[in-house]
Amino acid sequence: MTFDLFEKFDPILNDYNSLPKGSANPFTVSMEQVLSPTTAIINGRETILAGTNNYMGMTFNQECMDAAQEALLTLGTGTTGSRMLNGTYNSHKKLEDTLKEFYNTRHAIVFSTGYQANLGIIATLAGPKDYVVIDADSHASIYDGCAMGNATVVRFKHNDADNLDKKLARIRKNDPQAGILVVLEGVYSMLGDQAPLKELTRISKAYNAFILVDEAHSIGVFGETGRGVAQEQGVEDQIDFIVGTFSKSVGTIGGYCVSNNPKFEALRLVCRPYIFTASLPPSVVASATKALELIANSNLRAKLLSNSRRLNNGLSQAGFDMGTTGESPIAAIIIAEQNTAIAFWGEMIKEGVYVNLALPPATPKKLNLMRCSLSAAHSLEQIDFMLEKFILVGTKLGLLQDIPKRVLA
Amino acid sequence: MTQTIDEIFEQICTLIAPFNKKNIPITKDSLFSVDLELDSLNVMDILSEIEDEFDITVPLNMLPDLETVGQFAEIVKQLLSEQ
Ligand SMILES: Cc1ncc(COP(=O)(O)O)c(C=O)c1O
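Please read all numbers here as calculations on a predicted model, not as lab measurements.

**So, the pairing of strand S5 (residues 131-135) of chain A**
All names here are of chain A.
Part 1: Most of S5 is tucked away, with five of its five residues classed as buried.
Part 2: Pairing analysis gives four bridges linking S5 to strand S7 (residues 180-185), with the strands arranged parallel. Each bridged residue has a counterpart across the sheet, and for Val132 the counterpart in S7 is Leu181.
Part 3: Of the crossover connections in this fold, the one passing from S5 over helix H5 (residues 140-148) to the parallel strand S6 (residues 152-156) is right-handed.

Shown next, in the form of structure tokens:
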């Protein structure tokens, strides 16, 4: 027995303390200067940012920065209020109108982060007598939304339609009247795979379940007007709620949920992660509004996906064990040994490329990943530079047998 | 044809086997985390296998109270009897 609240963290602290010290430590690195959506000064060296989720390169978009600056100067640095009390400006409403237009939905609610949007929507919608059915590989915010709510939580095998069918059939057999919320993601961020929404929505609707799709990694990236995977796969009319974030393609911070449900606005009165936190600052609201307008009318998607295919193809031809296929903006290689993965990360940063080291439990199937998320703002030269460094480090660490020929051709 | 707790336990052991990489002997008192060295993701996957094997719903919400293999067997027996 112990009174030490921190004792339970000893195992993780021990792991943490065994990591390399200083500039080779993946979890203490910081950026001295940010030069553009794709470059920063790290450890005194100009470094390519290869894992930022800045899919559209919106963080330095001139129109977005101008809009943010004007809002900052006219409306101040923050709202110091919640959406319910003092914290709703006309610009918050305009942002919600912009979202409605973007998704062509009747309703939109803006949250302070995507994490809170999932937390709020899932925990509030599914009450004590209801069920939430989630994909096994769901993002932490979805798991946490389940933990915060009072519904019965059931998990189905990742992207497995038959398994979803089984779980729903059992729920319905025991409880013909229960409300059911099925939660899916458009793109799963670690390996970039899409949910087979056509099948999953068909099955969910057969059991009269509501469907929520988290398009955090797909807004801007997929669909004719950038609405995401539901649009890409032509199933938008089947989806009850779309959750998303401004922290990736939109280039700032914030979350939202859109819906056509006639009673959707009720959530503003009951959703605690919406009510009991401060609303987004005006500058963020302004740049998000501008970025959504730009995304709907841009063709950065084609450039982004071609960047991703270039890196994915190059890594695969070089002989890396691939976690991704290039169908999404994610490029990830699998590294069997965790220590090799950590060393790989350290070598890459020394070579001037900042990739994501993704380790279990944040990864599916306990994979160790060196993960890149491409940006439409990456130049071909930057992609080829990343590839060259991946091959250099992979060869050095013995992950590649022969120096591959032709990969840069 | 209700199953006995021992039969259920045996069936669960078979489901755990693929996760039990070191072939640690399993008893009803085996703790998933300590004795079997399984993390919460493994336990969730095992739970999912159990649901499909016994054709029952075992809510994730129950997991915090399920620390041993024997407790899993008991909850399965209880859920089967409620059907
Ligand atoms: C699938 C998914 N949902 C939600 C979030 C949370 O988004 P935010 O950064 O806005 O909190 C993320 C981002 O990490 C995500 O990957």
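**Looking at empty space enclosed by the protein**
Unoccupied space between atoms shows up once a probe the size of one water molecule is rolled over them.
Residue and element names in this part refer to chain A.
Part 1: Following the criterion strictly, the structure yields one cavity of 30 Å³ or more and no others.
Part 2: Estimated volume of the largest cavity: approximately 60 Å³.
Part 3: As for the largest cavity, its lining consists of Arg83, His92, Val110, Phe111, Ser112, Pro273, Tyr274, Thr277, Ala278, Ser279 and Leu280.
Part 4: When contributions to the lining of the largest cavity are tallied by element, the ones reaching two or more residues are strand S4 (107-111) and helix H10 (272-275).
Part 5: Its residues placed into classes, the lining of the largest cavity shows six nonpolar, four polar and one charged.

**Brief notes about the site of the ligand**
Residue and element names in this part refer to chain A.
Part 1: For the ligand, the set of nearby residues contains 14 residues, the closest of which are Gly114, Asp214, His217, Thr245 and Lys248.
Part 2: At 3.2 Å, a side-chain N or O of His139 approaches an oxygen atom of the ligand.
Part 3: The contact in question runs from an oxygen atom of the ligand to an N or O atom on the side chain of Ser247, over 2.9 Å.
Part 4: Here the ligand, which alone exposes 390 Å², has 84% of that area covered by the protein.
Part 5: Sort the elements by how many residues they give to the shell around the ligand and helix H4 (residues 114-125) lands first, with three residues.

**So, the interface of chain A and chain B**
Part 1: Chain A puts 16 residues into the contact, and the matching count from chain B is 16 residues.
Part 2: In total, chain A and chain B occlude about 1,400 Å² of area from one another, counting both sides; carbon and sulfur atoms represent 41% of this.
Part 3: Looking at the side of chain A facing chain B, the largest losses of area belong to Arg155, Arg170 and Lys366 of chain A, adding up to 41% of the total buried there.
Part 4: Scanning the region where chain A abuts chain B turns up eight salt bridges.
Part 5: Here Lys366 of chain A and Asp39 of chain B are joined by a salt bridge, their closest N and O atoms 2.9 Å apart.
Part 6: Counting across the interface, chain A meets chain B through 14 residue pairs in polar contact (both at pLDDT 80 or more).
Part 7: Here the side of chain A that touches chain B takes seven residues from helix H6 (residues 161-174) of chain A, the largest share from any one element.
Part 8: Counted by class, the side of chain A that touches chain B contains six nonpolar, three polar and seven charged residues.

Reading the values: the criteria
- Residues numbered from 1 in each chain as written.
- Chains lettered and ligands numbered in written order.
- Predicted model: local features only at pLDDT ≥ 70, side-chain atom pairs only at ≥ 80, totals over all residues.
- Heavy atoms only, no water.
- Buried < 20%, exposed > 50% of the residue type's maximum accessible area, 1.4 Å probe, protein only.
- Helix = DSSP H or I, 4+ residues; strand = E, 2+ residues; numbered from the N terminus.
- Pairing = 2+ DSSP bridges.
- Right-handed = clockwise from strand over helix to strand, strands pointing away.
- 1 Å grid on protein atoms, 1.4 Å probe; cavity = no way out; pocket = protein on both sides within 12 Å on 5 of 7 lines; lining within 4 Å.
- Points joined across faces, edges and corners; volume = space filled by probe spheres on them.
- Nonpolar A, V, L, I, M, F, W, Y, C, P; charged D, E, K, R; others polar.
- Near = heavy atom within 4 Å.
- Polar contact = N/O pair within 3.5 Å; in protein donor to acceptor, adjacent residues only side chain to side chain.
- Areas by Shrake-Rupley, 256 points an atom, 1.4 Å probe, with all protein chains shown as cover.
- Contact = heavy atoms within 4.5 Å.
- Buried area = accessible area lost by both parts, 1.4 Å probe.
- Salt bridge = Lys/Arg side-chain N within 4 Å of Asp/Glu carboxyl O.

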